[in-house]
Amino acid sequence: MPKIAQDCFVELLRHPDRFESARGSLRPFLLGVARNLLLRRWRTEQRLDPIDEDIHGEVIDLTAGPVSMLIGAAVQSLPPLQREALVLFEYEGFTLEEIGTMVNANIGTVKARLHRARERLRHMLAPLKNGTGGHSR
């Protein structure tokens, strides 16, 4: 991971014109650079397929443990792009604009991913609210 952090700053030094202060602060820009470097490295090293945001997550056993663990498992089961938007917005506190800068997507795309993630979580975790336990998808 230290190599990724170093590469972010090297990228900024080599191509300072890619940072546009009108689009946001330096932090989301560098996080976006780090994200892209990591994705590029994973694709190269592991020959990963492109990330698909519509892949269905795994089935969550809602009887398996405390609520916080179940919510964590539900979040982990989201498709990667939806999980990324949800974690950056809800847990890391970034704005939609900052997330758009990080993931190189327009705000509408970020909003759509966030909405789909929330809807999937709502559907997966509905049995908890209803007190029925059991499996959900």
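Further up the page is the structure itself.
To start, this report covers the structure provided alongside it. Each chain has its residues counted from 1, running along the sequence as written. Given that this is a predicted model, residues contribute local features only at a pLDDT of at least 70 and side-chain atom pairs are listed and counted only at 80 or more, while totals for whole chains, interfaces and linings are drawn from all residues. In computing side-chain properties, one takes all heavy atoms of the structure into account and sets aside hydrogens as well as water.

1. Description of the overall build of the protein chain
Next up, step 1: Elements are defined by DSSP. Helices are runs of H or I of four residues or more, strands are runs of E of two residues or more, and each kind is numbered from the N terminus. The helix and strand inventory of the protein chain stands at six helices and two strands.
Next up, step 2: Starting at the N terminus and walking to the C terminus, you meet the elements of the protein chain as α-α-β-α-α-α-α-β.
Next up, step 3: In the protein chain, which comprises 137 residues, the share counted as buried stands at 35%.
Next up, step 4: In this analysis, two residues are considered to be in contact whenever any of their non-hydrogen atoms come within 4.5 Å of each other. For the protein chain, the share of sequence-separated contacts (at least 6 apart) that also reach a separation of at least 24 residues comes to 63%.
Next up, step 5: Carbon and sulfur atoms make up 55% of the accessible area of the protein chain, which amounts to about 8,700 Å² in all. Buried, partly exposed and exposed residues are distinguished by accessible area as a fraction of the type maximum, computed with a 1.4 Å probe on protein chains only: under 20%, between the cut-offs, and over 50%, respectively. Here, Shrake-Rupley sampling with a 1.4 Å probe gives the accessible areas, and only protein chains in the shown set may cover a residue.

2. Describing a nonpolar patch on the surface
Next up, step 1: What makes a patch is a set of residues exposed beyond 30% relative accessible area and free of salt bridges, joined within 9 Å when like-charged and within 5 Å when nonpolar (Val, Leu, Ile, Met, Phe, Trp, Tyr). Salt bridges are defined by distance alone: a side-chain nitrogen of Lys or Arg within 4 Å of a carboxyl oxygen of Asp or Glu. Residues V67, I71 and Y91 make up a contiguous nonpolar surface patch of roughly 280 Å² in combined accessible area.
Next up, step 2: Within the fold, V67 resides in helix α3 (residues 67–76).
Next up, step 3: When its relative accessible area of 48% is taken as the criterion, V67 is described as partly exposed.

3. Comments concerning the packing of helix α4 (residues 80–91) against helix α5 (residues 96–103)
Next up, step 1: For helices, the fitted line uses only the C-alpha atoms of the stretch in contact; every axis is such a line through C-alpha atoms, and the angle between N-to-C directions lies from 0 to 180 degrees. Relative to each other, α4 and α5 sit at 135°, their axes nearing to 10 Å. It follows from the interaxial angle that α4 and α5 lie oblique. For the crossing formed where α4 meets α5, the hand is right-handed. Taken together, the residues of α5 that come into contact with α4 (itself represented by E84, A85, L88 and F89) are L96, I99, M102 and V103.
Next up, step 2: Residues of the contact of α4 with α5, tallied by class, amount to seven nonpolar, no polar and one charged. Note on angle classes: values under 35 degrees are labelled roughly parallel, values over 145 roughly antiparallel, values of 65 to 115 roughly perpendicular, and the remainder oblique. A clockwise turn of the near helix away from the far one marks a right-handed crossing, whereas an anticlockwise turn of less than a right angle marks a left-handed crossing. All amino acids are sorted into three groups, where Ala, Val, Leu, Ile, Met, Phe, Trp, Tyr, Cys and Pro are nonpolar, Asp, Glu, Lys and Arg are charged, and the leftover types, Gly among them, are polar.

4. Observations concerning the nonpolar core
Next up, step 1: By size, the foremost hydrophobic cluster in this structure holds 17 residues, and its most contacted members are L86, I99, V103 and L121.
Next up, step 2: Contributions of two or more residues to this core are made by α3, α4, α5 and α6 (107–130).
Next up, step 3: Sorting elements by how many residues they give to this core places α6 first, with six residues.
Next up, step 4: The contacts of I99, once residues within four sequence positions are left out, are A85, L88, F89, F94 and V110. Here the nonpolar core consists of buried residues drawn from Ala, Val, Leu, Ile, Met, Phe, Trp, Tyr and Cys, with membership extended through side-chain atoms lying within 4.5 Å.

Just distances and angles here, no functional claims.
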